[in-house]
Amino acid sequence: MYASVLRLSLMIVALALPVAGQAATVAIDVRGFDGKPLAGAVVTIETPKAPGVTVRGPYMIEQRDISFQPHVLIVPVGATVGFPNRDRVRHHVYSFSKTKKFDLKLYGREDARTVLFDRPGVVPLGCNIHDSMSGFVFVTATPFAALTDQAGHVSMTGVPVGAGTVRVWHPSIRAPGSTASQPIDVAATGFATTFVLHR
């Protein structure tokens, strides 16, 4: 039902980036419902010409100051993520998501557990002891994925020229999967867009 009330507008604001053969730079600014820069949104670019993802790591979400740090972690499919506990209290990390269900029983300071994320999707995290704790593992099958900074901006290099799809994920987006998407056509000179989310 939310999809009907969510509209996404795309504004081409610049096409003057350097030529880089058959790949180019894509710059994206994301604006929230209030028109202000949306920090902490995951932006992905999907294109049939994209290479597969590479697992490098290490990937880690710490439990520190009764919170998950970082709040959102982007990892490629096949990544193993460590969940070390840096707090003086014990934590019980879990997820009931369809992408990855897991349950890390109570463990204490400087102890750690790991989880393999073998399917793309969003994995919300919680702690059975501390209800205020929340975080996300964003598992991606495209190498073109980045988190917007405080200015709501991301820039990705080496994006294949041609048609593709930009997806923007953020917990505040009231659409299936908390995701909005827009087709794009990346020119050899590059591509720059601004996504403005509307209720």
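This text gives an overview of the structure that appears in the document. (Residues numbered from 1 in each chain as written. Predicted model: local features only at pLDDT ≥ 70, side-chain atom pairs only at ≥ 80, totals over all residues. Heavy atoms only, no water.)

1. Examining the sheet that holds strand β12 (residues 121–127)
Heads up, the rule is: The pairing criterion for strands is at least two bridges between them, as found by DSSP. Elements are defined by DSSP. Helices are runs of H or I of four residues or more, strands are runs of E of two residues or more, and each kind is numbered from the N terminus. Note on definitions: angles span 0 to 180 degrees between N-to-C directions of axes, and those axes are lines fitted to C-alpha atoms, for helices only across the stretch in contact.
Taking strand neighbours across the sheet as the criterion, the five strands line up as β7-β13-β12-β9-β10 in an open arrangement whose pairing is mixed. Two strands in the sheet have a free side with no partner beyond their single neighbour: β7 (72–76) and β10 (101–107). Ignoring strand direction, the axes of neighbouring strands in this sheet form an average angle of 20 degrees.

2. Focus on the sheet that holds strand β3 (residues 42–46)
Taken together, four strands build an open sheet; the order of strands is β14-β3-β16-β17 and the sheet is antiparallel. Each having just a single partner strand, β14 (145–147) and β17 (179–186) make up the two edges of the open sheet. Going from strand to strand, the sheet's axes swing by 20 degrees on average, the running direction of each strand aside. Relative to strand β16 (residues 162–169), β3 is paired through five bridges, and the arrangement is antiparallel.

3. Here's the deal with the packing of aromatic side chains
Rule in force here: Pairing of aromatic rings covers Phe, Tyr and Trp, the last through its six-membered ring, and needs centres within 6.5 Å; plane angles under 30 degrees mean stacked, over 60 mean edge-to-face, and all others mean tilted.
Evaluation of the coordinates by the stated rule reveals five aromatic pairs. Ring plane angle 45 degrees and centroid distance 4.8 Å describe the contact between Y94 and F96, whose orientation is recorded as tilted. Taken together, the aromatic side chains of F83, F102 and F117 make up a single cluster linked through ring pairs.

4. Some points on the pairing of β12
By the bridge criterion, two bridges tie strand β9 (residues 91–96) to β12 in an arrangement that is antiparallel. By the bridge assignment, V93 is partnered in β12 with C127. As paired strands, β12 and strand β13 (residues 134–140) are joined by six bridges and run antiparallel to one another. Note that in β13 the partner of V123 across the bridge is V137. A loop of six residues connects β12 with β13, the two strands running antiparallel in sequence.

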